[in-house]
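Given next are the chains, with one letter for each unit.
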There are 2 protein chains.
Amino acid sequence: MNGAESLVRTLVAGDVEVCFANPGTSEMHFVAALDRVDGIRCVLCLFEGVVTGAADGYARMAEKPAATLLHLGPGLANGLANIHNASRARSPMINVVGEHATYHLEHDAPLTADIEMLARQYSPWMKTSRSAGEVAADGAEAIAAARTAPGQIATLILPADTAWSEGGPVAAVPAIPEREAVDEAVIDAIAAILTSGEKTLLLLGDKAVRARPLEDASRIARGTGQHVMAQTSNARMERGAGRVAVDRIPYPVDQAVEKLEGFKHIVLVGAKDPVGFFGYPGKPSRLAPEDCRIHLLADIAQDQADALARLADRVAGDATPDLTPAHRPGLPADGPLDPDSIALVLGALIPENAIITDESVTTGRNFFPATAGAPPHDWLQLTGGAIGVGIPLATGAAIACPDRQVIALEADGSGMYTLQGLWTQAREKLNILNCIWSNRSYAILNGELANVGAENPGPKARDMLSLDHPAIDWVSVAEGMGVTARRVETVPEFAAAFREGLAHEGPFLIEVVM
Amino acid sequence: MNGAESLVRTLVAGDVEVCFANPGTSEMHFVAALDRVDGIRCVLCLFEGVVTGAADGYARMAEKPAATLLHLGPGLANGLANIHNASRARSPMINVVGEHATYHLEHDAPLTADIEMLARQYSPWMKTSRSAGEVAADGAEAIAAARTAPGQIATLILPADTAWSEGGPVAAVPAIPEREAVDEAVIDAIAAILTSGEKTLLLLGDKAVRARPLEDASRIARGTGQHVMAQTSNARMERGAGRVAVDRIPYPVDQAVEKLEGFKHIVLVGAKDPVGFFGYPGKPSRLAPEDCRIHLLADIAQDQADALARLADRVAGDATPDLTPAHRPGLPADGPLDPDSIALVLGALIPENAIITDESVTTGRNFFPATAGAPPHDWLQLTGGAIGVGIPLATGAAIACPDRQVIALEADGSGMYTLQGLWTQAREKLNILNCIWSNRSYAILNGELANVGAENPGPKARDMLSLDHPAIDWVSVAEGMGVTARRVETVPEFAAAFREGLAHEGPFLIEVVM
C-alpha cells in the first residue's frame, strides 16, 4: 500500500465520505487509490473555487469535513477565496494539496510555489508530509484538527513521492475534544445582566442560530423582557414555521447603528462584537453604541446550545419560545420582478426541508420576513464576503443531503465567479434549483460608491459596475453545462418556473431578469 | 485630489495605459477617479483570474505593465494562479489591491485577510501604503519596480482611507535601470566552449526567442557547427516565415532526455538548467546528461539580445541565419480532427502578424512544425503550468495590439478555469478567434497516470479525468457570454469556421470536437 492509499484508507476510517477534487499529475496516486478503496465518493469540479466552496456547503450540512484534492500551489490559490469563506463559517475541511516530489522541489520547475505560505493564514493545522510512512498519521491528525471545535481548515501537503512510495498502516483518528461547556460563573454573570433592567441584546451566531438554541434564546428574551438578534451573515440558520424567527443586524452601517441604539449590553453567543462590513468615511467601525458593554456567553469553540439552555433554565421561568406560525404569503399578482415580489414568491413556494444557499447580495436583503413562515428549512449565507461561494455551496449541500431540495439564490455578479459549479451539479444529477438575480450589474457597488463618498460617478465609473453589454444569457450558459434552464421576467413566469424546477430531477436554473 | 486620484494620475504619467479591474467597495475611489483622469483604459473582468491573466498577455505584447485592480485578500487570491504564470513569464504587472481602511482592520470584518502574506512570494516589490500623501510615490515606485528587468510583479496594497483622504502630488517614476550588458569575459568563455569541438547547445528562453536574437543564435550555431534549442514554454516567441525556427525541449521527460543526449555543454541564454515539469518515479529531475556542464551567457535580467549579437560577431564568421522559407501546408482532406490535422489547418490559415496564445496542453504539442512557415506571428505559451491562462492571455494581448488578429488555442479543461474572459472579449469587441480543443477530458492526465506509475486505473480514477457526461456545449456557453460560436467535427468544417472567425469582427469561438 503506497502513501496515497494509506491516506485514502485513513480518510475512510476517519469517516470522511466525500472528496471534492480537481487533481493534476502530482495527485494521480491519490486518484488511482480511489479504485482500491470503497467508502469515499469523489466529486470532480472544474475549478478549485468550486472544490472548496462545495466542501464548505457539505460541511455546513453534514456537520463533518469533506476532503478536497488540489493541485500544487496554484490549485490551492484558486481555492483560497472559498477557503476564506469556509474559515469564517467555521466549516471543517481537510485540504489535500499535491506537491512536487521532495527531491524535485529544489529544481524550481514551473509549478513550484511556497504552498505553506499560501495555506498558512487559513489553516490552524497545516503540515507537509515528510515521508510515505508518515502520510497516514498526518492524515489522521488533519481529520482530528478539522473536527476540533469550532471547526477548522486542515491542510495536508503531500509531496508526490510520499504518495507513490510504500506507506505505513492506516492511522486512527485521535480523540476529538468535546466542546467546552461554559462556566457556571459566566451563566451567573449573564443572568445578572439580563435581569438588571438595562436594555440587553443576546446576539447569536455560529451554532446558536440552530432551531433548539434559538428557542432557548427566545425563552430568555421573553422571560426577561430582553432582546435577541442574529449576526448579519450566518453559516447555517434553521428557520421557518414552528421555529423562532430572529432579526439580523442589517448590512448597511446606518441601519445597523440605528437598530443597536439604546442597548446597554450585548451578550455574544457564537457571535462577534458587531462591526461594519467595511469602513466608511465619517461612519463608525463598531456598530454598538459607545456606552454599550460587550459580554461573552459562549464563543465559537464552546457549547453555545448548552449555555443558552442553562441560561434559559435560570432566567426564562415559564416563558415559551416565540414560534413562528405556518404562514405563506399569497403569490403576488402579475407584474415585474423586484426584490419584494421575489421574496413573496419564495415565501409562497419554498418546500419543506429545503436548503437555501443565499448569495443574493443586494437583491436578497429583505428575503427573511416573507419566508419566515414557510415550512422549516435551512438558510446558508456568504460568511466571509468573498463572492463566488453560492453555486459551489449549493453543490456541496446537495451532496451532503441527497434527499433534500437545495435552492441556490444567486446574484449574477457573484454567480459568474464560480459558474463552473453548474457542470458538477449536472454531472452528479443534484436536485438544485438555481435562481440567478439578473440585474446585470454589481448592484451593491452603486450604493457603495455613494457610501464611501465617491459621489456623481461618471460614465467610466458606472461602466465598471455594469454587467450589461453584453447581457449574460444565463439560460445559454447553464444549458451549455448540462443544466436545464428558463428565463423569466414576470411574477407568474417566475412562479411557474420555480414549480417546474422543484419538480425537475437534477439541477435547474432560472434566470430572473430584473 | 484624493489618494486614489493621485495614484491614477501617477499611473498615467508613468505610461500605464490599461487597468484590468474587478473592483469592490474598497476600490470605489480608484474607480471614481477614472472619470476625472484621461489616458487610462479600464477593462472590467468578471473574475480576478481573468484580470491577472489579461495583464500578463498585455505585458507580453506591449512590453510594459498594465495595472490590475483587485478587491482585498480574496480578490488577490483569485488572481494568484495567473500571477504565478506572469511571474514565470517575467511579465511586468502592477497590482493595486484594495484593503480595509487602516483603522478598520483591527475589527476583523469578514473580508479581512493578511494580503501581504498572499502577495509576498510573487511580488519582488510589495508595499502597503500608510497614508494618502504617500500613495502617489508608492505607485511610482511600483511602476519602476515592475519595469525593472527581468520584468516584475509589483503589488501596492491600498487601504481605503489612503484612497479617499487628501493625497499628495503626482509622483514621477524613478529612473529604470538599463538591462545589464554581459561581461566581455563571459563572451570569451562561451566562445571558447562553442569552438572547443565538444557538442554544445545554446538553450534559449525569455527575450532570446525573439526574431533578432534567434537570428544571431542561428548564425552562431551555423558558424560553429553547434546547436540551438528553446525552452519548452516561452512567454513570447517570434516565429514564422523569414524567421528562425527553433526546436523546443519536449515536455515528456523521456523525449527530453533523449533530445539532450550527447551534449557536453549547455549554454543558457535567458533559460534555466532544464528540468522535468514534474518528478516521476525512476526518472531524473534534471534533463541534461550527467556529464554535461551548464554555462550562463545571459540571465533573465541581462541583455540577452546584445550578448547573442556580440557572441555571433565573435564566432559566427560569415554564417547567415537559417531563415524559414514561407511555406503553408495544404489543407488536409476531409476527415476527423486530431492534433495532426488541426496543426495543418493552423499552418494553412494563420494570418500574417497573428498573435497565438497557446494553452493547448496535450493537443498542441506538435503544432510547431506545421506552422513554422506560416506568415510571421507571435506565439505565447503557458509559462507557469497553472492552467487557466489562455482565454485571459488572449484578451490582454488583444487589448495591447488592437490591429492584430489574436488566436487563442485552448484546451477544454483549462478553458473552463477562466471562461469568464469570453465576456470581456465580447464587451471590448476584441478580434480574438478562440479554438477550444474539445476532447472532453483532462487528456494530459491519462498519460500522467502511467508516467507516475499508477497503472491500470479503474473506473473511479478514469472518471476524475473525464469531462464527458455532460459534455460541455462550448457554443452555448460562449454565446451566453456574447461570443459568436460554431461547433466543428471535420477538417473542412474547422477550416471554414476558422476563415469565418478571422473575417468576423469581435470575438469568435470554435468548439473543435475531437
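Residues numbered from 1 in each chain as written. Chains lettered and ligands numbered in written order. Predicted model: local features only at pLDDT ≥ 70, side-chain atom pairs only at ≥ 80, totals over all residues. Heavy atoms only, no water.

Just so we agree on the cut-off: UniProt positions are given in the numbering used here, feature names are shortened, and annotations may be inferred rather than shown by experiment.
An unreviewed UniProt entry lists chain A under the name Acetolactate synthase I/II/III large subunit, with Saliniramus fredricksonii given as the organism. The annotation that UniProt attaches to chain A under Sequence similarities (unreviewed entry) is "Belongs to the TPP enzyme family."

**Re the sheet that holds strand E11 (residues 293-298) of chain B**
Residue and element names in this part refer to chain B. What counts is decided by this rule: Paired strands are those between which DSSP finds at least two bridges. Runs of H or I in DSSP of at least four residues are treated as helices and runs of E of at least two as strands, each being numbered from the N terminus. Angles shown run from 0 to 180 degrees and are taken between the N-to-C directions of axes, each axis being a line fitted to C-alpha atoms and, for helices, limited to the stretch in contact.
The strand order across the open sheet built from four strands is E8-E7-E10-E11, with neighbouring strands paired in parallel fashion. Bordering the open sheet on either side are strand E8 (227-230) and E11, each of which pairs with just one other strand. The sheet shows a mean angle of 25° between the axes of neighbouring strands, taken without regard to direction. Looking at chain direction, strand E10 (residues 265-269) and E11 are connected through five bridges and run parallel. Bridging across to E11, Leu268 finds its partner in Leu296.

**As for unusual backbone geometry**
All names here are of chain A. Of note, the amide linkage connecting Ala149 to Pro150 takes the cis form, showing an omega dihedral of 5°. Mapped onto the secondary structure, Pro150 falls in the loop between helix H6 (132-147) and strand E6 (153-159). In this structure, Arg440 takes a positive phi of about 55° despite not being glycine. Positionally, Arg440 belongs in the loop between strand E15 (432-438) and helix H17 (443-451).

**Observations regarding the relation of the copies chain B and chain A**
Spelled out, the test is: Superposing the copies works by least squares over the C-alpha atoms of residues that have pLDDT at least 70 in both of them. Here a residue-residue contact requires only that any non-hydrogen atoms of the pair lie within 4.5 Å.
Once chain B is rotated about the relating axis by 180° and shifted along it by 0.0 Å, it coincides with chain A to within an RMSD of 0.0 Å. Those values place the two copies in the arrangement expected of a two-fold rotation axis. Among all C-alpha atoms of chain B, that of Val477 of chain B lies closest to the rotation axis, at 2.1 Å. A high fraction, 100%, of the interface residues of chain B reappear at the interface in chain A, so the copies pair face to face through one surface.

**Details of the environment of Trp437 of chain B**
All names here are of chain B. Here is the rule we go by: We call a residue buried when its accessible area falls under 20% of the maximum for its residue type, exposed when it is over 50%, and partly exposed in between, using a 1.4 Å probe and counting protein chains only.
Tracing the sequence through the fold places Trp437 in strand E15 (residues 432-438). The exposure class of Trp437 is buried, given its relative accessible area of 0%. Measuring from C-alpha to C-alpha, the distance between Trp437 and Gln121 comes to 33 Å, with 316 residues separating the pair along the chain. In contact with Trp437, not counting residues within four places along its chain, are Ile342, Ser360, Thr363, Phe367, Leu409, Glu410, Ala411, Asp412, Phe494, Val512 and Met514.

**What about the UniProt feature "domain: Thiamine pyrophosphate enzyme N-terminal TPP-binding" (unreviewed entry) in chain A?**
This chain's UniProt record puts "domain: Thiamine pyrophosphate enzyme N-terminal TPP-binding" (unreviewed entry) on residues 1-109 of chain A. Across residues 1-109 of chain A one finds 46% helix and 18% strand; the C-alpha atoms that close the span lie 28 Å apart.

**Some thoughts on the state of the cysteines**
Residues and elements named next belong to chain B. In plain terms, the rule: Count a disulfide wherever a pair of cysteine sulfur atoms falls within 2.5 Å.
Scanning all chains against the criterion turns up zero disulfides over all chains. Considering cysteine sulfurs only, Cys42 is the nearest to Cys19, which forms no disulfide, with 4.2 Å between them. Among the residues examined, Cys19 registers a relative accessible area of 0% and is labelled buried. Here Cys401 stays free of any disulfide, with the sulfur of Cys45 as its closest cysteine sulfur at 17 Å. Overall, Cys401 belongs to the buried group, its relative accessible area being 12%.

**Overview of the packing of helix H1 (residues 3-13) of chain B against helix H6 (residues 132-147) of chain B**
All names here are of chain B. Going by this rule: For classification purposes, an angle smaller than 35 degrees is called roughly parallel, one larger than 145 roughly antiparallel, one from 65 to 115 roughly perpendicular, and anything else oblique. Take the far helix as the reference: if the near one is turned anticlockwise from it by less than a right angle, the crossing is left-handed, and if turned clockwise, right-handed. Asp, Glu, Lys and Arg are counted as charged, while Ala, Val, Leu, Ile, Met, Phe, Trp, Tyr, Cys and Pro are counted as nonpolar; the rest, among them Gly, fall into the polar class.
Here H1 crosses H6 at 25°, and the two axes come no closer than 8 Å. One finds that H1 runs roughly parallel with respect to H6. Crossing angle aside, the handedness with which H1 passes H6 is right-handed. Only Ala132, Val135, Ala136, Gly139, Ala140 and Ile143 of H6 make contact with H1, whose side of the interface consists of Gly3, Ser6, Leu7, Thr10 and Leu11. Of the residues belonging to the contact of H1 with H6, the class tally is seven nonpolar, four polar and no charged.

**Regarding the nonpolar core**
This is how it is decided: We call a set of buried Ala, Val, Leu, Ile, Met, Phe, Trp, Tyr and Cys residues a nonpolar core when their side-chain atoms join them within 4.5 Å.
Counting 243 residues, the largest nonpolar core has Phe20 of chain A together with Phe20 of chain B as its most contacted members. The contact partners of Phe20 of chain A, leaving out residues within four places of it in the chain, are Val43, Cys45, Val51, Ala54, Ala55, Tyr58, Ala66, Ala67, Thr68, Leu69, Gly396 and Ile399 of chain A.

**Thoughts on the pattern of salt bridges**
Residues and elements named next belong to chain A. The cut-off we apply is this: Salt bridge, as used here, is a side-chain nitrogen of Lys or Arg placed within 4 Å of a carboxyl oxygen of Asp or Glu.
Scanning all chains against the criterion turns up 70 salt bridges over all chains. Among the ionic pairs, Arg236 bridges to Glu63, the shortest N-O distance being 3.3 Å. Placement of Arg236 in the loop between strand E8 (227-230) and strand E9 (237-239) and of Glu63 in the loop between helix H3 (48-62) and strand E3 (67-71) is noted, with a sequence separation of 173 residues between them. What makes Glu63 partly exposed here is its relative accessible area of 42%.

**Digging into the pairing of strand E13 (residues 377-381) of chain A**
All names here are of chain A. Along E13, five of the five residues are buried, which leaves the element largely enclosed by surrounding structure. Burial of the side chains of E13 extends over both faces: His377, Trp379 and Gln381 are buried on one face and Asp378 and Leu380 on the other. Of the strand pairs in this sheet, E9 and E13 are connected by three bridges, and their pairing is antiparallel. Within the sheet, the bridge partner assigned to Arg239 lies in E13 and is His377. Relative to E13, strand E12 (residues 355-359) is paired through four bridges, and the arrangement is parallel.

**Concerning the environment of Asn95 of chain B**
Residue and element names in this part refer to chain B. Tracing the chain through its elements places Asn95 in strand E4 (residues 93-99). Each C-alpha atom, one on Asn95 and one on Cys19, is 9.3 Å from the other, the two residues being 76 residues apart in sequence. Apart from residues no more than four positions distant in its own chain, Asn95 is found in contact with Thr52, Thr68, Leu70, Ile83, Ile153, Ala154, Thr155 and Leu156.

**Some thoughts on the interface of chain B and chain A**
The condition that has to hold: Defined here as a combined quantity, buried area equals the accessible surface (1.4 Å probe) lost by two parts on assembly, summed across both.
Taken together, the contact between chain B and chain A spans 98 residues of the former and 98 residues of the latter. Taken together, the two surfaces of chain B and chain A that pack against each other cover about 8100 Å², and 63% of this comes from carbon and sulfur. Run the count over chain B and chain A and you get eight salt bridges. With its nearest N and O atoms 2.8 Å apart, the salt bridge here joins Arg88 of chain A to Asp108 of chain B. Those elements that provide at least two residues to the side of chain B that touches chain A are helix H2 (28-33), strand E2 (41-44), helix H4 (72-89), helix H5 (115-119), helix H16 (421-427), helix H17 (443-451), helix H18 (459-463) and helix H19 (474-480) of chain B. Looking at the side of chain B that touches chain A, the element that brings in the most residues is H4 of chain B, giving eight residues. Split by residue class, the side of chain B that touches chain A holds 55 nonpolar, 27 polar and 16 charged.

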